Amino acid sequence: MRIVYFTHSLLSCWNHGNAHFLRGMLRELAQRGHDVLACEPMQAWSLENLLRDHGQAGLGAYYAAYPELRSQLIASEEDIRAALSGADLVLVHEWNEPALVARIGRARRQGGRFTLLFHDTHHRAVSDPDAIRRFDLDGYDGVLAFGETLAAVYRRWGWGDRVFVWHEAADTRLFHPPAQERRRDGLVWIGNWGDDERSAELEGFLLQPAHAVGMPLDIYGVRYPEAARLALDRHGARFRGWLPNARVPEVFAQHLATVHVPRRFYVTMLPGIPTIRVFEALACGIPLVSAPWEDSEALFRPGRDYLVARTEACMAQHLRALREDAALRQSLTVSGLETIRARHGCAHRVDELLTILTRLQRAPTDPGAATSTPGEREGALLS
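Residues numbered from 1 in each chain as written. Predicted model: local features only at pLDDT ≥ 70, side-chain atom pairs only at ≥ 80, totals over all residues. Heavy atoms only, no water.

Summarise the environment of His-8; cite the residues concerned and give the values.
Along the chain, the position of His-8 falls in the loop between strand E1 (2-6) and helix H1 (18-31). Sequence separation between His-8 and Ala-19 is 11 residues; the distance between their C-alpha atoms is 8.5 Å. His-8 has contacts with His-16, Glu-40, Pro-41, Ala-44, Trp-45, Ser-46, Trp-95 and Asn-96, leaving out every residue within four places of it along the chain. Within the local environment of His-8, its side chain forms a polar contact with the backbone nitrogen of Trp-45, the two atoms lying 3.4 Å apart. Within polar-contact distance, the side chain of His-8 engages the backbone nitrogen of Ser-46 at 3.0 Å. (Helix = DSSP H or I, 4+ residues; strand = E, 2+ residues; numbered from the N terminus. Contact = heavy atoms within 4.5 Å. Polar contact = N/O pair within 3.5 Å; in protein donor to acceptor, adjacent residues only side chain to side chain.)

This is the structure in structure tokens:
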């Protein structure tokens with residue numbers, strides 16, 4: 001098949017966590033013999049920030065890790081038409097401009113012979129529904145939602161059995177335990193401070209417990225305002241700045257443990273959706289402790305694949321135990337790896353995607369039947 005994915009960026013993972021799964025998923029498709037193309041805008045915000053901070057050298061880790069992937073810059077209607085020509089499957093990520101989303105939907109309605117799917121991997125459907133209502137999904141054959149609670153939102157908006165749960169996963173070709181174990185020390189957290197969606201949680205479940213037990217803490221990420229940097233200094237954490245995602249496995253391999261601190265919306269409004277770091281950490285065999293988060297879809301085995309800290313004091317206890325108990329670390333490593341290899345690699349998600357495609361092709365829908373925006377469908381259901 002010829003598969004085209006319209007993304008914010010394939011090249012850059014600067015504050016763009018969706019690039020992690022996208023790279024692994026597209027590589028898996030390419031390894032199976034499919035013709036795969038990623039399309040991204042000329043002036044992607046993530047890529048512009050990466051180049052501003054690190055120049056072309058900032059792309060080196062991506063190019064080295066994913067030589068088989070190709071990306072095409074989209075700047076005109078002609079570029080869009082060329083990308084869609086001959087496509088069998090087209091996926092459009094929600095971090096695209098509404099005009100582009102609508103343009104691709106029109107191409108499908110006007111005789112496009114490809115299956116067209118909208119891919120949502122964010123909390124905006126509940127935190128900022130007006131932003132999602134701006135998308136004209138007329139012409140789309142279905143929606144891929146990265147968790148059941150998000151899929152339920154689209155079902156309320158009228159998508160019924162044309163919305164599919166499609167979680168992220170680890171690219172196990174890249175994310176795996178080191179070939180040879182070396183000395184590990186301290187705690188690592190890789191993530192962005194962001195928009196105050198978990199500031200209090202980061203202080204309470206990461207900075208304070210690590211400092212309290214005297215565990216060295218390395219922090220990697222971007223968008224850390226002055227107040228955040230001061231908080232890191234106050235707790236003795238070492239800020240390391242941006243880390244290319246392709247280099248994350250080598251950093252995990254240097255540390256005893258890591259921590260999962262979900263954004264607030266994935267605790268309160270969209271439970272069951274973990275950050276991509278959970279998949280990647282377990283795939284790398286590094287013990288993990290999670291701040292309060294409900295695995296409502298039973299993706300993992302809490303207490304076996306990772307530890308759960310219901311309180312800040314409990315987090316400190318878990319960190320101390322991981323530092324002192326090699327058998328506990330080994331048990332978590334073995335169990336977490338077992339779960340990833342059985343259920344949560346990019347190969348599993350490609351299998352799921354191909355199953356979804358087969359289901360849609362066996363029960364074809366009229367792409368013109370979805371002639372309203374998500375918000376309009378929701379309003380019709382509520383009226």
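Picking up after the structure, the text goes on.
Outline the packing of aromatic side chains, supporting the account with residue identities and numerical values.
Counted according to the given criterion, the structure contains 13 aromatic pairs. Centroid distance Phe-118 to Tyr-140: 6.1 Å. Interplanar angle 90°. Geometry classified as edge-to-face. Of this pair, Phe-118 sits in strand E5 (residues 115-120) while Tyr-140 is found in the loop between helix H7 (129-133) and strand E6 (142-145), placing the two residues 22 residues apart along the sequence. Since its relative accessible area comes to 0%, Phe-118 is described here as buried. You can call Tyr-140 buried: its relative accessible area is 0%. An aromatic cluster is present here, built from Trp-14, Trp-45 and Trp-95 joined pairwise through their rings. (Phe/Tyr/Trp six-rings, centres within 6.5 Å; stacked < 30°, edge-to-face > 60°. Buried < 20%, exposed > 50% of the residue type's maximum accessible area, 1.4 Å probe, protein only.)

Describe the environment of His-255, and please don't skip the residues or the numbers.
If you trace the backbone, His-255 turns up in the loop between helix H11 (248-252) and strand E11 (257-260). For the pair His-255 and Leu-360, spaced 105 residues apart in sequence, the C-alpha to C-alpha distance is 44 Å. Those residues in contact with His-255 that sit more than four places away from it in its chain are Arg-184, Asp-185, Gly-186, Leu-187, Val-188, Asp-218 and Ile-286.

For the nonpolar core, give the residues involved together with the corresponding values.
Membership of the largest hydrophobic core comes to 64 residues, with the highest contact counts inside it found for Met-25, Leu-26 and Phe-300. Among the elements that take part in this core, helix H13 (residues 276-284) stands out by supplying 7 residues, more than any other. Other than its neighbours up to four places away in sequence, Leu-26 contacts Tyr-5, Leu-10, Val-36, Ala-38 and Leu-69. Membership of the second largest hydrophobic core comes to 36 residues, among which are Val-101, Ala-125, Ala-151 and Val-153. (Core = buried A, V, L, I, M, F, W, Y, C linked by side-chain atoms within 4.5 Å.)

How would you sum up the pairing of E11? Please name residues and give values.
Side-chain alternation along E11 places Ala-257 and Val-259 on one buried face and Thr-258 and His-260 on a second face that is also buried. As judged from the 2 bridges shared by strand E8 (residues 187-190) and E11, these two strands associate in the parallel manner. Directly across from Val-188, in E11, lies its bridge partner Thr-258. In this sheet, strand E12 (residues 288-290) lies alongside E11 in parallel orientation, the contact comprising 3 bridges. For Thr-258, the partnering residue across the bridge sits in E12 and is Leu-288. (Pairing = 2+ DSSP bridges.)

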